[in-house]
Amino acid sequence: MRPNDRRYTQTHEWAKLEGDNVVVGITDFAVQALSNGNVDDLVYCDLPEAGRAVEAGQTFGEIESVKAVSDLNAPVTGEVADVNAAIEDHLEVLSKDPWGAGWMIKIKPGAKSLDHLMDAAAYEAFLQTQAH
Amino acid sequence: MQTASTAAPKRTPLHDVHVALSAKMVEFGGWYMPVQYGPILDEVRTVRTTAGLFDLSHMGRVLVRGKDRIAYLDRICTNFVAKIPQDAIRYSLFCKENGMPIDDLLVYKGAEEVFLCVNASNTGVDLAWMRQHTAGFEVTIEDQTDALAMIAIQGQTSTQILQPLVQGLELAKLGYYKFGFGTVCGIANMRVSRTGYTGELGYELYIPRAQVTAVWQAVMQAGEAHGLKPIGLGARDTLRLEAGMPLYGHEIDANHDPLSAGLAFGVSFAPEKGEWIGKSALQAIAAAPQWKLVGITTTGPRVPRQGYGIAINGMVVGEIASGSISPMLNTNIGTAFVPASVDEAHAKVELDIKGKRQEASFCALPFFSRTRK
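Residues numbered from 1 in each chain as written. Chains lettered and ligands numbered in written order. Predicted model: local features only at pLDDT ≥ 70, side-chain atom pairs only at ≥ 80, totals over all residues.

Engineer: For helix H7 (residues 233-242) of chain B, give the residues involved together with the corresponding values.
Structural biologist: All names here are of chain B. The buried fraction of H7 amounts to 9 of the 10 residues, a majority that puts the element mostly inside the structure. Along H7, the residues that are buried comprise Leu233, Gly234, Ala235, Arg236, Thr238, Leu239, Arg240, Leu241 and Glu242. In the core, the buried residues of H7 are packed alongside strand E2 (24-28), strand E3 (31-36), helix H2 (40-49), strand E4 (51-55), strand E18 (315-326) and strand E19 (331-339). A positive backbone phi angle near 70° is found at glycine 244, which sits one or two residues after H7. (Buried ≥ 20, exposed ≤ 12 C-beta atoms within 10 Å, placed from the backbone. Helix = DSSP H or I, 4+ residues; strand = E, 2+ residues; numbered from the N terminus. Contact = placed C-beta atoms within 7 Å.)

Written as structure tokens, this is what we have:
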């Protein structure tokens, strides 16, 4: 089971309330799908600058693997409060610790609710529907 | 996609072999195909250092017979089929009247028949186009895609691996873009060509569907001591790009003609070839070229991707056709269409990724080839 202290999107981001901010990253499933289990297959991650406005469901950045570029989508609307720029040069962190050190951005949300997102059990069930 | 269909993807006769090897299977050109068995860049390096085995059974295979086969093919092909020596192979395209490609293909000229190998995604369109243009010619067109499977072995150890399994055909004496027939794993009269999509020494084999699994297993076993590995379509795309070879849907398609893509070697305006479909449109393009395909390298983090902009001296005037990480050049590479007037020796070139610029340089094509460079 994935961490139950946060919520999940259908595009495989996670969102976790932390003080006034929502911390955002991507799930182990997303990392596996992008990298096919090969850490070196992740080549680039483009994150926004702090201060940029982001909108729920809209792209806030891109992550790139050997053969594809995927959008990173904001789980909530708000303003980028902090960026984990260190991962841009250390993408292996996403494989090792997607739930902690692999966080991507912190958003200062307009509304401090994650109720529109899936909990861990619902995300698990959602992944089952995606399997085939 | 012009051939988009709701039908389930087809499975090659080697499907279960790929699944057993834990390949990642994806839909490609109407088929389930292995995109990778392991890390893609490792697969690229394997083909560049030892050898790789590919399932290419998704490609279209067409046999053309009948007394008018040469005249007929010279009407629909861009290359000069009558001039191809017997037992040789040439690159060609099918174009529409407007000079835009329907597909590109290899033409195998035999004594009694001509064999064509076309792209998976275009096979249906190609066959329909071919059948539409038979009027006045005594020809028969036989789709052998389902009857015959196709595998390729590519890399410097290919000959060592394959020759012990082949009787009646001396591979070392088979020239580049030549073909012959031999007994492969005891199966008589198999078509073997010295062709490929990697820029390496290698062979492509056409084997009846029911027997290809046994041949695949025998080649894998024979190759074990020579570093042979199965290679997926992901690595194949990088290998062909390093080798400067076009891919339909990237360097050529309904909007990108073969001359702008640098494929003049596959287009013949020889008067003896007569009139052919697309000739006058392509002659007009040849007389006043608007675009050219160039190679670029970029040391920045972003990999060139189809559709990214190309800025010349600060202005976005072109577009990436293909891109990849290149293990051979140890940098990111791409092909791009730029105006024919661009002076590569003096122009400053940058990638434009949604407005973000990344430094790039021009690089002669092919980026790498053991067969051509």
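Engineer: Quick rundown of the nonpolar core? Include the residues and the values.
Structural biologist: Val24 of chain A together with Val107, Ile151, Leu205 and Ile207 of chain B are the most contacted members of the largest nonpolar core, which has 129 residues in total. The element contributing the most residues to this core is strand E10 (residues 148-154) of chain B, with 6 residues. (Core = buried A, V, L, I, M, F, W, Y, C linked by C-beta atoms within 7 Å.)

Engineer: Quick one: what's the story with the domain arrangement of chain B, residue by residue and with numbers?
Structural biologist: All names here are of chain B. As far as domains go, chain B holds domain 1 (10-59 + 146-242), domain 2 (61-143) and domain 3 (290-373). Centre-to-centre, using C-alpha coordinates, domain 1 lies 24 Å away from domain 2. Contact residues are listed per partner, giving 16 residues for domain 1 and 12 residues for domain 2. When contributions to the side of domain 1 that touches domain 2 are tallied by element, the ones reaching two or more residues are E10, strand E12 (179-184) and strand E13 (187-193). A class-by-class count of the residues in the side of domain 1 that touches domain 2 yields 8 nonpolar, 6 polar and 2 charged. (Domains from an automatic or database assignment. Nonpolar A, V, L, I, M, F, W, Y, C, P; charged D, E, K, R; others polar.)

Engineer: Lay out the sheet that holds E3 of chain B with the relevant residues and their values.
Structural biologist: Residues and elements named next belong to chain B. Here we have 3 strands laid out as an open sheet, ordered E1-E3-E2, and mixed in their pairing. Edge strands, defined here as strands with exactly one partner in the open sheet, are strand E1 (10-11) and E2. Of the strand pairs in this sheet, E2 and E3 are connected by 5 bridges, and their pairing is antiparallel. Across the sheet, glutamate 27 pairs through a bridge with tyrosine 32, a residue of E3. Here H7 sits on the sheet in contact with E2 and E3, set at roughly 70° to E3. (Pairing = 2+ DSSP bridges. Axes fitted to C-alpha atoms, helices over the stretch in contact; angles between N-to-C directions.)

Engineer: Requested: an account of the sheet that holds E10 of chain B, with residues and values cited.
Structural biologist: Residues and elements named next belong to chain B. Here we have 7 strands laid out as an open sheet, ordered E11-E12-E13-E14-E10-E4-E15, and mixed in their pairing. Looking along the sheet, the strands with just one partner apiece sit at the ends: strand E11 (166-167) and strand E15 (228-230). Those strands touched by H2 are E4, E10 and E15, and its axis lies near 120° from that of E4.

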